[in-house]
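This is what each chain is made of:
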Protein chains: 2
Amino acid sequence: METPDSFEIWLPLARSHKSILTSVEAALKQAGLPGLDWYDLLWELECAGSDGLRPFELQEKLLLPQYGVSRLVDRLAKAGLLERQTCNGDGRGQVLVITPEGAAMRVRIWTVYSDTMQQAVTPHFSAGEARRLAELLGKLLRPAPADKI
Amino acid sequence: METPDSFEIWLPLARSHKSILTSVEAALKQAGLPGLDWYDLLWELECAGSDGLRPFELQEKLLLPQYGVSRLVDRLAKAGLLERQTCNGDGRGQVLVITPEGAAMRVRIWTVYSDTMQQAVTPHFSAGEARRLAELLGKLLRPAPADKI
DNA sequence: TGCATGTTAATGCAGTTGCATCTATATGAG
DNA sequence: CTCATATAGATGCAACTGCATTAACATGCA
């Protein structure tokens with residue numbers, strides 16, 4: 001039995017990612033809701049609570065480039081979903097805090113997001129398979145064991 | 001032991017996808033090569049050989065919207081990597097055929113793509129894990145068993 | 001044949017992204 | 001304190017994307 005090369009992982013990963021993402025974004029658009037980039041940002045802000053987050057912290061959490069965060073934040077702020085507060089202690093920076101409207105929007109997105117996702121993923125797996133897949137995908141995220149690089 | 005919900009699959013899937021994709025695109029840019037969208041198109045054309053492919057066939061294979069293919073093809077054509085041939089039998093359509101330059105470019109991209117991918121994926125898994133992960137991801141692509149929808 | 005309907009592909013426009021650069025503030029050495 | 005350097009965030013411009021629409025051809029039916 002052969003060792004699969006990395007493309008036998010990457011290829012289905014990329015394709016299923018694209019296909020699921022397309023479904024979810026279509027469902028959100030259908031519902032007149034903003035896309036997953038907004039959701040992800042709102043989620044992080046909501047987790048951070050009233051302490052808020054600095055843009056550069058979002059950058060790390062969301063794996064976005066600096067200007068990506070800058071503009072995304074701009075749009076969410078214009079939509080009233082977050083508030084920019086001046087950062088005492090660092091005059092260059094700012095602190096981003098979710099508004100009640102932002103939190104409400106996150107929930108609205110969530111209902112559609114969650115639903116579509118469930119339909120796209122669940123039917124393909126038994127409980128055991130799902131658990132194993134989640135576990136294996138987790139390994140892809142964590143830093144690789146030092147001896148294998 | 002609990003059944004994981006679909007997000008325990010989607011979340012690491014989305015994150016690892018983004019992170020791997022970013023690595024590969026960065027490596028390609030670094031090497032002065034075009035991105036993966038160009039690669040994917042060239043690959044399909046090369047597979048199709050001298051028969052070529054119709055744009056709407058690419059659309060299905062690449063999971064791209066119609067206008068996406070139209071413009072991507074435009075760019076590749078301008079770069080001389082494919083040729084548009086008139087389609088005898090359907091005056092609306094055209095047949096896209098890869099040029100020798102296109103095939104050469106595909107190989108150049110491949111060396112970087114393949115290399116970066118290998119580094120991003122391989123260290124995380126044993127051979128058995130890799131095989132299992134590839135298998136499970138495959139299930140996500142194929143249509144779900146009818147009785148589970 | 002003549003016309004209604006469907007299919008293939010292109011495109012104008014507005015919104016978004018990537019890249020490079022820029023401003024403003026912070027930090028540390030002398 | 002003063003200057004060099006580093007960091008936080010914004011922005012101009014060109015390229016790209018999504019959406020809606022359009023043009024050109026195909027197909028089927030009266």
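The structure presented is a predicted model; accordingly, all values stated were derived computationally and were not measured.

Procedures and definitions
Residues numbered from 1 in each chain as written. Chains lettered and ligands numbered in written order. Predicted model: local features only at pLDDT ≥ 70, side-chain atom pairs only at ≥ 80, totals over all residues. Heavy atoms only, no water. Least-squares fit on C-alpha atoms with pLDDT ≥ 70 in both. Contact = heavy atoms within 4.5 Å. Near = heavy atom within 4 Å. Polar contact = N/O pair within 3.5 Å; in protein donor to acceptor, adjacent residues only side chain to side chain. Helix = DSSP H or I, 4+ residues; strand = E, 2+ residues; numbered from the N terminus. Core = buried A, V, L, I, M, F, W, Y, C linked by side-chain atoms within 4.5 Å. Buried < 20%, exposed > 50% of the residue type's maximum accessible area, 1.4 Å probe, protein only. Buried area = accessible area lost by both parts, 1.4 Å probe. Salt bridge = Lys/Arg side-chain N within 4 Å of Asp/Glu carboxyl O. Axes fitted to C-alpha atoms, helices over the stretch in contact; angles between N-to-C directions. Parallel < 35°, antiparallel > 145°, perpendicular 65-115°, else oblique. Left-handed = near helix turned anticlockwise from the far one by under 90°. Nonpolar A, V, L, I, M, F, W, Y, C, P; charged D, E, K, R; others polar.

Draft legend 1. Structural context of the relation of the copies chain B and chain A. Mapping chain B onto chain A calls for a screw motion: a turn of 180° about the axis and a shift of 0.0 Å along it, with 0.0 Å RMSD after fitting. Interpreted geometrically, this transformation is the action of a two-fold axis. Residues of chain B ranked by C-alpha distance from the rotation axis are headed by Leu133 of chain B, positioned 3.3 Å from it. Comparing interface residues between copies, 100% of those in chain B also lie at the interface in chain A; the contact surface is shared.

Draft legend 2. Main features of the protein's contact with DNA strand C. The full set close to DNA strand C counts 19 residues, and Tyr67 and Gly91 of chain A together with Lys29, Arg71 and Arg92 of chain B are the nearest of them. The protein-proximal atoms of DNA strand C, defined as those within 4 Å of the protein, are 57% sugar or phosphate. Measuring from a phosphate oxygen of DNA strand C, one finds a side-chain N or O atom of Ser70 of chain B at 2.8 Å. Gln94 of chain B is positioned such that a nitrogen or oxygen atom in its side chain is 3.0 Å from a phosphate oxygen of DNA strand C. Listed by contribution, the elements that provide at least two residues to the surface near DNA strand C are helix H4 (66–78) of chain A together with helix H3 (55–62) and helix H4 (66–78) of chain B. Ranked by the residues each element gives to the surface near DNA strand C, the list is headed by H4 of chain B, at four residues.

Draft legend 3. View of the nonpolar core. Grouped together as the largest cluster of nonpolar side chains are 81 residues, with contacts concentrated most on Ile9, Trp10 and Leu41 of chain A together with Ile9, Trp10 and Leu41 of chain B. Residues within four places of Trp10 of chain A in sequence aside, it is in contact with His17, Ile20, Leu21, Leu36, Tyr113 and Met117 of chain B.

Draft legend 4. Up close: the protein's contact with DNA strand D. Of all residues adjacent to DNA strand D, which total 19 residues, the nearest are Lys29, Gln66, Arg71 and Arg92 of chain A together with Tyr67 of chain B. Expressed as a percentage, the sugar and phosphate content of the atoms of DNA strand D within 4 Å of the protein is 59%. Between DNA strand D and Arg92 of chain A there is a distance of 2.7 Å, counted from a base oxygen to a side-chain nitrogen or oxygen. The side chain of Gln94 of chain A places a nitrogen or oxygen atom 3.0 Å from a sugar or linking oxygen of DNA strand D. Only helix H3 (55–62) and H4 of chain A together with H4 of chain B provide two or more residues apiece to the surface near DNA strand D.

Draft legend 5. Representation of the interface of chain B and chain A within the structure. Each partner contributes to the interface: chain B provides 57 residues, whereas chain A provides 57 residues. Interface area for chain B against chain A, summed over the two sides, is near 5300 Å², with a carbon-plus-sulfur share of 71%. Taken together, chain B and chain A are joined by two salt bridges. With a closest N to O distance of 2.5 Å, Lys139 of chain B and Glu129 of chain A form a salt bridge. Here chain B and chain A share 15 residue pairs in polar contact (both at pLDDT 80 or more) between them.

Draft legend 6. Molecular detail of the packing of H3 of chain B against H4 of chain B. Residues and elements named next belong to chain B. Look at H3 against H4: their axes get within 9 Å of each other, and the N-to-C directions meet at 115°. In terms of their interaxial angle, H3 and H4 are classed as roughly perpendicular. The interaxial crossing formed by H3 with H4 has right-handed handedness. Contact with H3, carried on its side by Pro55, Leu58 and Gln59, involves Gln66, Val69 and Val73 of H4 and no other residues of that element. Class assignment for the residues of the contact of H3 with H4 results in four nonpolar, two polar and no charged.

Draft legend 7. Spatial organisation of the pattern of salt bridges. Counted according to the given criterion, the structure contains 14 salt bridges over all chains. Salt bridges linked by common partners bring Arg54, Asp90 and Arg92 of chain A together as one network.

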